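# Reading the structure
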Amino acid sequence: MNSKKHMVVTIAREFGSGGHEIGQIIAKDLGLDFYDGEIIKEAASRSGYHEDYVRENEEKAPSFASSMFSPVDTFQSLPSDKIQIEEHKFIKELGEKGGCVIVGRGADYILNDIQHVSVFLFAPINDRLERVKQQASTYMIDENKAHSDAAILKSIKTMDKQRRKYYEFYTDFRWGARDTYDLLINTSRTGIDGAAKIIETYILECKDKNLLSD
């Protein structure tokens with residue numbers, strides 16, 4: 001497939017559904033840049049906080065009732081809120097530049113005024129448990145918890161709750177709802193490669209040719 005420099009794909013995901021891996025496949029196949037952990041690194045650079053601190057405090061609703069998506073120049077933030085602001089700015093820049101796949105962080109909403117394909121990935125929790133167990137280091141699961149199904153299940157539920165709260169606090173949409181995204185895919189049914197193929201096929205078959213403009 002040829003590189004499409006203006007194409008943007010956003011991937012929201014339940015924890016353990018394979019969003020990172022699927023995003024990497026799509027980016028490679030379509031010749032796009034890929035952003036997931038890279039967003040953490042950029043936010044750390046811009047905010048001056050350590051990457052570990054950014055990782056622990058991103059994709060969380062703020063500690064007080066304010067909207068990150070209001071003009072950020074006037075927004076007075078706590079350290080954790082500043083991280084969200086820097087990620088928001090960076091994602092907006094990526095969307096305006098185009099040619100990328102962005103995982104998580106409310107990117108579909110941040111880029112609601114920019115043409116893009118939005119995807120939500122989900123899977124039954126027991127299947128996600130098995131994936132996280134097999135790829136514990138990838139999912140940043142502590143070694144002491146990697147062999148405990150109960151501990152991993154708790155991590156999955158905590159992350160899903162955190163992501164839902166984050167997304168629904170900042171946006172006008174419901175996290176994981178069918179009317180929020182272009183595609184909702186059960187990765188247990190499709191597998192990782194199958195999900196990537198479905199997304200790529202949708203992009204190439206989409207009637208809106210602006211998605212494929214060079």
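Residues numbered from 1 in each chain as written. Predicted model: local features only at pLDDT ≥ 70, side-chain atom pairs only at ≥ 80, totals over all residues. Heavy atoms only, no water.

On inspection of all chains with the given rule, the structure shows 14 salt bridges. Two residues, Arg13 and Glu59, come together in a salt bridge whose shortest N-O distance is 3.1 Å. With Arg13 in strand β1 (residues 8-13) and Glu59 in the loop between α3 (51-57) and α4 (79-97), this pair connects stretches of sequence that are 46 residues apart. Among the residues examined, Arg13 registers a relative accessible area of 9% and is labelled buried. For Asp52, the salt bridge is made with Arg55, and the minimal N-O distance between the two is 3.1 Å. Here the residue Asp52 and the residue Arg55 both occupy positions in helix α3, the gap between them amounting to three residues, near one helical turn. A relative accessible area of 30% means that Arg55 is categorised as partly exposed. (Salt bridge = Lys/Arg side-chain N within 4 Å of Asp/Glu carboxyl O. Helix = DSSP H or I, 4+ residues; strand = E, 2+ residues; numbered from the N terminus. Buried < 20%, exposed > 50% of the residue type's maximum accessible area, 1.4 Å probe, protein only.)

This part is about helix α6 (residues 125-134). The complete set of buried residues in α6 reads Arg128, Leu129, Arg131 and Val132. All buried residues of α6 fall inside an arc of 165 degrees around its axis, so they share one side. In this structure, α6 carries Asn126 and Gln134 as exposed residues pointing more than 90 degrees from its buried face. Close packing links the buried residues of α6 with α7 (149-170) and α8 (187-205). (Arc of directions from axis to C-beta. Contact = heavy atoms within 4.5 Å.)

Moving on to the packing of aromatic side chains. Enumeration over the complete set of coordinates arrives at eight aromatic pairs. Measuring from centroid to centroid gives 5.1 Å for Phe120 and Trp175, while their planes differ by 90 degrees, and the two rings are edge-to-face. With a gap of 55 residues between them, Phe120 in strand β4 (residues 117-122) and Trp175 in the loop between α7 and β5 (183-186) connect regions that are remote in the sequence. Of the two residues, Phe120 and Trp175, both sit in the buried class. When the centroid spacing of 5.3 Å and the interplanar angle of 90 degrees are considered together, the rings of Phe169 and Tyr170 count as edge-to-face. Its relative accessible area of 37% is what places Phe169 among the partly exposed residues. An aromatic cluster of at least three residues, connected via ring pairs, comprises Phe120, Tyr167, Trp175 and Tyr181. (Phe/Tyr/Trp six-rings, centres within 6.5 Å; stacked < 30°, edge-to-face > 60°.)

We now examine the packing of α6 against α7. Viewed as axis vectors pointing N to C, α6 and α7 meet at an angle of 110 degrees, and their least axial separation amounts to 10 Å. Accordingly, the angle class assigned to the pair α6 and α7 is roughly perpendicular. The hand of the α6/α7 crossing is right-handed. Of the residues in α7, those touching α6 at Ile125, Arg128, Leu129, Val132 and Lys133 are Asp149, Ile152, Leu153, Ile156, Lys157 and Asp160. Of the residues contributing to the contact of α6 with α7, the split by class is six nonpolar, no polar and five charged. (Axes fitted to C-alpha atoms, helices over the stretch in contact; angles between N-to-C directions. Parallel < 35°, antiparallel > 145°, perpendicular 65-115°, else oblique. Left-handed = near helix turned anticlockwise from the far one by under 90°. Nonpolar A, V, L, I, M, F, W, Y, C, P; charged D, E, K, R; others polar.)

What follows deals with the packing of helix α1 (residues 19-30) against α8. Packing of α1 against α8 leaves a shortest axis separation of 10 Å and a crossing angle of 35 degrees. Crossing of α1 against α8: the hand is right-handed. Taking contact as the criterion, the partners of Glu21, Ile22, Ile25, Ile26, Asp29 and Leu30 in α1 are, on α8, Thr187, Ile192, Asp193, Ala195, Ala196, Ile199, Glu200 and Ile203. Within the contact of α1 with α8, the residues separate by chemical class into nine nonpolar, one polar and four charged.

As a further point, take the confidence of the model for the chain. For the chain, per-residue confidence averages 85 on the pLDDT scale, and residues scoring 70 or more make up 84% of the total. Across residues 64-76 the pLDDT falls below 50, and counting only partners more than four positions away or on other chains, this stretch makes 24 contacts in the model. (pLDDT = per-residue confidence, 0-100.)

Positive phi outside glycine occurs at Arg105, with the angle close to 65 degrees. Inspection of the secondary structure assignment puts Arg105 in the loop between β3 (100-103) and α5 (107-110). Its relative accessible area of 3% is what places Arg105 among the buried residues.

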